[in-house]
Amino acid sequence: MPKVNVYNMLGEQVGEIELDENIFGIEVNQHVVYEVVKNQLANKRQGTQSAKTRAEVRGGGRKPWRQKGTGRARQGSIRAPHFSGGGVTFAPKPRDYSYSVPKKVRRLAMKSALTSKVLSNEIIVIDEINFDAPKTKDMANFLTKINADKKALIVMGEKNENVIKSANNIPNVQTALVNTLNVYDILKYNSFIITKDAVRKVEEVYA
């Protein structure tokens, strides 16, 4: 089983924790991770883009000039795509980009992402994260003491408003709960900061 150090909020090592090798020690499947990240980004797309086709652009009802004898190419409408002010060929329309990925694929991608953090030494396990009051300065000091990268994801076992609000105003720092954790966020942030109780909850969910 992979072992990692456990730190307190002062950045001091207070012990070690054994991680479930079936979740944090598998062979990383990069293709599955790619497919799940692509799915997440597609599902986030609003799909609200829209442009008018030649049938929807106002005007152009009259033939601009007679069919023959002008020396110019025949035209039926000044709202054709090659005219200024004309419609758009194959114009984009509102659509839903979302699609589903099998549950087994999502689970394997999550395990692969978690394992990649262990292999790259980007996981930081904290015994407990708690603040007396919401304060951005306290969160910034905490991240400095544990040598976290500027891009950090903080994963908690239970919702803590003081922690969430303390991190809100720090760029590239995000908080998450175990049930909101996703592959894209794990890979997006360089430092994966997780509490001991969150580790056990992750192991329960993905066992």
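Everything discussed here concerns the structure shown above.
Since we're looking at a predicted model, the values are computed, not measured.

*Asks:* Which residues make up the packing of aromatic side chains, and what values do they have?
*Replies:* Per the counting criterion, the structure on display carries one aromatic pair. The ring of Tyr 97 carries Arg 45 above its face, with NZ or CZ at 3.6 Å from the centroid. Cation over ring: Arg 95 sits above Tyr 97, and NZ or CZ is 3.9 Å from the ring centre.

*Asks:* Tell me about the pattern of salt bridges, and name the residues and values.
*Replies:* As enumerated under the stated definition, the model contains six salt bridges in all. Linking Glu 35 and Lys 38 is a salt bridge whose minimum nitrogen-to-oxygen distance equals 3.6 Å. Highlighted residues: Glu 35 and Lys 38, both in helix α2 (residues 30–44), separated by three residues, approximately one helical turn. Lys 38 gets classed as partly exposed once you look at its relative accessible area, which sits at 36%. For Glu 122, the salt bridge goes to Lys 117, with nearest N and O atoms at 2.7 Å.

*Asks:* Describe a negative patch on the surface, listing the residues and the values that go with them.
*Replies:* On the surface, Asp 127, Glu 128, Glu 158 and Asp 197 cluster together into a patch of negative charge. As for its position among the elements, Glu 128 is in the loop between β3 (123–126) and α4 (136–145). By relative accessible area, which is 52% here, Glu 128 ends up exposed.

*Asks:* Talk me through the sheet that holds strand β5 (residues 173–177); I want residue IDs and the actual numbers.
*Replies:* Reading across from one edge, β2-β1-β3-β6-β4-β5 is the order of the six strands in this open sheet, with mixed pairing throughout. Each edge of the sheet is formed by a strand with only one pairing partner; in this case those strands are β2 (13–18) and β5. Taking the axes of each pair of neighbouring strands and ignoring which way they run, one obtains an average angle of 30° across the sheet. Judged from the four bridges that link them, strand β4 (residues 152–156) and strand β6 (residues 191–195) form a sheet pairing that is parallel. By the bridge assignment, Leu 153 is partnered in β6 with Phe 192. Where helix α5 (residues 161–168) meets the sheet, its contacts fall on β4 and β5, and the angle it forms with β5 comes to roughly 155°.

*Asks:* Please set out the environment of Lys 52 residue by residue, giving values where relevant.
*Replies:* When you line up the elements, Lys 52 lands in the loop between α2 and α3 (103–119). The sequence separation of Lys 52 and Gln 174 amounts to 122 residues, and the corresponding C-alpha distance is 39 Å. When residues no more than four places from it in sequence are discounted, the contact partners of Lys 52 are Val 57, Gly 87, Val 88, Ala 91 and Lys 93.

*Asks:* Help me get a handle on the nonpolar core, residues and values and all.
*Replies:* Considering soluble globular proteins, one finds that nonpolar side chains tend to be buried as a cluster. Grouped together as the largest cluster of nonpolar side chains are 32 residues, with contacts concentrated most on Phe 24, Phe 192 and Ile 194. At five residues, the largest contribution of residues to this core is made by α3. For Phe 24, the residues in contact, after removing those within four places along its chain, are Pro 2, Leu 19, Leu 114, Thr 115, Val 118, Ile 123, Val 199, Val 202 and Glu 203. With 18 residues, the next largest nonpolar core counts Leu 143, Ala 148, Ile 154 and Val 163 among its residues.

*Asks:* Give me the side chain of Asn 39: which residues, what numbers.
*Replies:* Its location among the elements puts Asn 39 in helix α2. Exposure remark for Asn 39: the relative accessible area of 6% places this residue in the buried category. Residues in contact with Asn 39, not counting those within four places in the same chain, are Tyr 99, Ser 100 and Val 101.

Basis of the calculations
One numbering rule holds for all chains: residues counted from 1, following each sequence as written. Since the coordinates come from a predicted model, pLDDT governs what is reported: local features require at least 70, and pairs of side-chain atoms require 80 or more to be given and counted, while whole-chain, interface and lining totals use all residues. Hydrogens and waters are ignored; side-chain quantities use all the structure's heavy atoms. Each pair of aromatic rings taken from Phe, Tyr and Trp, with Trp reduced to its six-membered ring, is defined by centres within 6.5 Å and is described as stacked if the planes are under 30 degrees apart, edge-to-face if over 60, and tilted in the remaining cases. Placement of a positive charge over a ring is assigned whenever Lys NZ or Arg CZ falls within 6 Å of the ring centre and within 35 degrees of the normal to the ring plane. The term salt bridge refers to a pairing of a side-chain nitrogen on Lys or Arg with a carboxyl oxygen on Asp or Glu at a separation within 4 Å. Strands are runs of DSSP state E lasting at least two residues, helices are runs of H or I lasting at least four, and both sets are numbered from the N terminus onward. The buried label goes to any residue with under 20% of its type's maximum accessible area, the exposed label to any with over 50%, and the partly exposed label to all in between, with areas taken from a 1.4 Å probe on protein chains only. Note on patches: the residues involved have over 30% relative accessible area and no salt bridge, like charges join within 9 Å, and the nonpolar side chains Val, Leu, Ile, Met, Phe, Trp and Tyr join within 5 Å. Only the protein chains shown count as cover for residues, with accessible areas throughout obtained via the Shrake-Rupley method and a probe of 1.4 Å. Only four residue types enter the tally: Lys and Arg on the positive side, Asp and Glu on the negative side, with His and both chain ends excluded. Charged groups are reduced to one reference atom each: NZ for lysine, CZ for arginine, CG for aspartic acid, CD for glutamic acid. Any two strands with at least two DSSP bridges between them are considered paired. All axes here are fitted lines through C-alpha atoms, helices being fitted over the stretch that makes contact, and every angle between N-to-C directions spans 0 to 180 degrees. Any pair of residues with heavy atoms lying within 4.5 Å of one another is described as a contacting pair. We call a set of buried residues a nonpolar core when its members are Ala, Val, Leu, Ile, Met, Phe, Trp, Tyr or Cys and they connect through side-chain atoms within 4.5 Å of each other.

Nothing here speaks to function; it is geometry throughout.
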